[in-house]
Amino acid sequence: MDKVKVGILGATGMVGQRFIQLLANHPWFEVTEVAASERSAGKKYSEVMEGRWKLTTDIPEGVRKLVVKECAPGLDCRIAFSSLDAEIAGPIEQAFAKAGYVVSSNSRNHRMEPDVPLLIPEVNAEHLGLIPVQKKNRGWQGMIITNPNCSTIHLVIALKPLMRFGLSKLLVTTMQALSGAGYPGVPSLDILDNVVPFIGGEEEKVQTETLKLLGALAKDRVVPAQIVVSAHCNRVHVSDGHTECVSVKLDANPGLAEVTKAMQEFNPLKQLGLPSSPSRVIIVKQEPNRPQPKMDRDLEHGMASVVGRIRECPLLGYKFVVLGHNTIRGAAGAAILNAELMMKKGLIS
Ligand SMILES: NC(=O)c1ccc[n+]([C@@H]2O[C@H](COP(=O)([O-])OP(=O)(O)OC[C@H]3O[C@@H](n4cnc5c(N)ncnc54)[C@H](OP(=O)(O)O)[C@@H]3O)[C@@H](O)[C@H]2O)c1
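Residue numbers restart at each chain and count upward from 1, following the sequence in its written direction. In view of the model being predicted, local features appear only for residues whose pLDDT reaches at least 70, and side-chain atom pairs are presented and counted only at 80 or more, with totals across whole chains, interfaces and linings using the full set of residues.

A.B. asks: What's the story with unusual backbone geometry in this structure? I'm lost.
C.D. replies: Most peptide bonds take the trans configuration, and most residues that are not glycine carry a negative phi. Look at the link from Tyr183 to Pro184: it is a cis peptide, with omega at 5 degrees. Think of it this way: any DSSP run of H or I at least four residues long counts as a helix, any run of E at least two long counts as a strand, and we number them from the N terminus. As for its placement among the helices and strands, Pro184 is situated in the loop between strand 7 (167–176) and helix 8 (188–191). Looking along the chain, the bond that leaves Arg290 and enters Pro291 is cis, with omega of 5 degrees. Note on placement: Pro291 falls in the loop between strand 12 (282–284) and helix 11 (293–296). The backbone of Asp193 shows a phi angle near 60 degrees, a positive value even though the residue is not glycine. Mapping Asp193 onto the fold places it in the loop between helix 8 and helix 9 (202–213).

In structure tokens form, the structure reads like this:
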């Protein structure tokens, strides 16, 4: 099959770089366009990224020579992966969808709109049923799909297999990596030797996105899940990988062994063979001091959610720790997997 041409909006940022790294040698997709602000436009990608490329692999040869364009329709690609700054992503993504592109976005702007799928393929693939609703409502030739916030995605992957036990309450405390704030991100003097107990808008995102993701598709909308969610979000002195301490109330009161088994066996997309699917969606660590960002964030090429310390909680019944890579499964890898699912379902021709 001919590869599908893809472009990256926000290609110079932390997530944009991840897209480029993850799409190198992708079996279905080929990066034909890179776009960013007018500050970067007009120069070769390799030139713009001198001193700004932060990943340990080199910029792929085919991308080095691409000229960075401005983020406006007219790009030679079918899919536009968006990792744009949320301040400007909204109207740009809409212009691309209107012009016929499939926009797979990381930005928060459209996530909670009723006719936009907020998608994790293993969790709520059926929410792609919103696409015809979106087409009807908006009259766009193209479409927008979104992936959740980087801490929500790992939390919800860990929660999905517990839904069968009647998840009714949830308390989560995140310890979020610095790369989650983009580049240059949090000033070093604010974060060295420190923890910052506030990330603007993050707690609200975790609390609302979780309910949409775990909600049920009812004809033309998603009915949010009935779960009480409380989130504390903290920025910590870690480069990559968000760690989250979670307590849950499960009304069916399963044993700890059943909870562990449900997480270990969770792999609903196994048969689909999507190129970026991890072979283990949730890895349950048995060691008492895991997961840890440095040791576990790269498991399954950064696409796994790693759970550990499953135990009883005197407050809500059960507690555990979940960790995952924030710019891979939490961002670029999530948007790529969403596009792969859409290809498989015939939504991208
Ligand atoms: N980092 C994560 O872990 C993570 C996870 C999930 C979701 N997200 C979301 O993904 C998006 C990108 O995050 P990031 O961490 O990659 O941010 P970042 O490093 O700050 O990159 C922002 C990108 O947006 C571009 N941009 C800024 N202003 C623009 C404008 N006026 N017109 C066109 N392009 C413009 C920048 O281009 P220039 O270089 O030319 O300025 C850059 O490519 C954000 O919406 C963020 O919330 C991030």
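A.B. asks: So what exactly am I meant to see when it comes to the site of the ligand here?
C.D. replies: Contact assignment follows one rule, namely that a residue is near a molecule or strand if its backbone-placed C-beta atom lies within 6 Å of it. Residues in contact with the ligand amount to 31 residues; listed here are only the nearest, Gly13, Ala36, Ser37, Ser40 and Gly182. Residue assignment for the shell around the ligand shows that the elements contributing at least two residues are helix 1 (14–23), helix 4 (86–98) and helix 12 (328–344). All residues other than Ala, Val, Leu, Ile, Met, Phe, Trp, Tyr, Cys, Pro, Asp, Glu, Lys and Arg, Gly among them, are scored as polar; the first ten of these are nonpolar and the last four charged. Split by residue class, the shell around the ligand holds twelve nonpolar, 16 polar and three charged.

A.B. asks: Honestly, the pairing of strand 14 (residues 317–324) in this entry has me stumped. Any pointers?
C.D. replies: For a regular strand, the rule is simple: side chains alternate between the two faces of the sheet. For the exposure call, what matters is how many other C-beta atoms sit within 10 Å of a residue's own: 20 or more marks it buried, 12 or fewer exposed, and in between partly exposed, using C-beta atoms placed from the backbone. The buried count for strand 14 comes to six of eight residues, which makes it a mostly enclosed element. Whether two strands pair comes down to DSSP finding at least two bridges between them. Note that strand 11 (residues 242–250) and strand 14 share seven bridges and pair antiparallel. Its bridge partner lying in strand 14, Val246 is registered against Phe320. Direction of pairing for strand 13 (residues 305–313) relative to strand 14: antiparallel, over a ladder of seven bridges. Each bridged residue has a counterpart across the sheet, and for Cys313 the counterpart in strand 14 is Gly317.

A.B. asks: Looking at this structure, I do not really get the domain arrangement of the chain. What am I missing?
C.D. replies: For an interface, size is often stated in terms of accessible area lost upon the parts coming together. Throughout, the edges of the domains are those of an automatic or database domain assignment. Along its sequence, the chain is carved into domain 1 (4–149 + 331–344) and domain 2 (150–325). Distance from the C-alpha centre of domain 1 to the C-alpha centre of domain 2: 24 Å. Elements with a minimum of two residues in the side of domain 1 that touches domain 2: helix 5 (121–124) and helix 12. Here the side of domain 1 that touches domain 2 takes eight residues from helix 12, the largest share from any one element.

A.B. asks: I tried to follow the packing of helix 7 (residues 150–159) against helix 9 on my own but got confused; where do I start?
C.D. replies: Helix-helix packing: each pair is described by the crossing angle between the helix axes and the interaxial distance. Following both chains from N to C, one finds helix 7 and helix 9 inclined at 40 degrees, their axes separated by 9 Å at the closest point. When the axes of helix 7 and helix 9 are compared, the pair comes out oblique. The way helix 7 lies across helix 9 gives a crossing that is right-handed. Residues Ser151, Thr152, Leu155 and Val156 of helix 7 touch helix 9, and the partners they reach there are Glu202, Lys205, Val206, Glu209, Thr210 and Leu213. Here the contact of helix 7 with helix 9 is composed, by residue class, of four nonpolar, three polar and three charged. Throughout, an axis means a line fitted to C-alpha atoms (over the contacting stretch in the case of helices), and angles, computed between N-to-C directions, take values from 0 to 180 degrees. Here the angle decides the label: under 35 degrees means roughly parallel, over 145 means roughly antiparallel, 65 to 115 means roughly perpendicular, and every other value means oblique. The crossing is said to be left-handed when, going from far helix to near helix, the turn is anticlockwise and less than a right angle, and right-handed when the turn is clockwise. The contact criterion used is a C-beta to C-beta distance within 7 Å, with each C-beta placed from the backbone.

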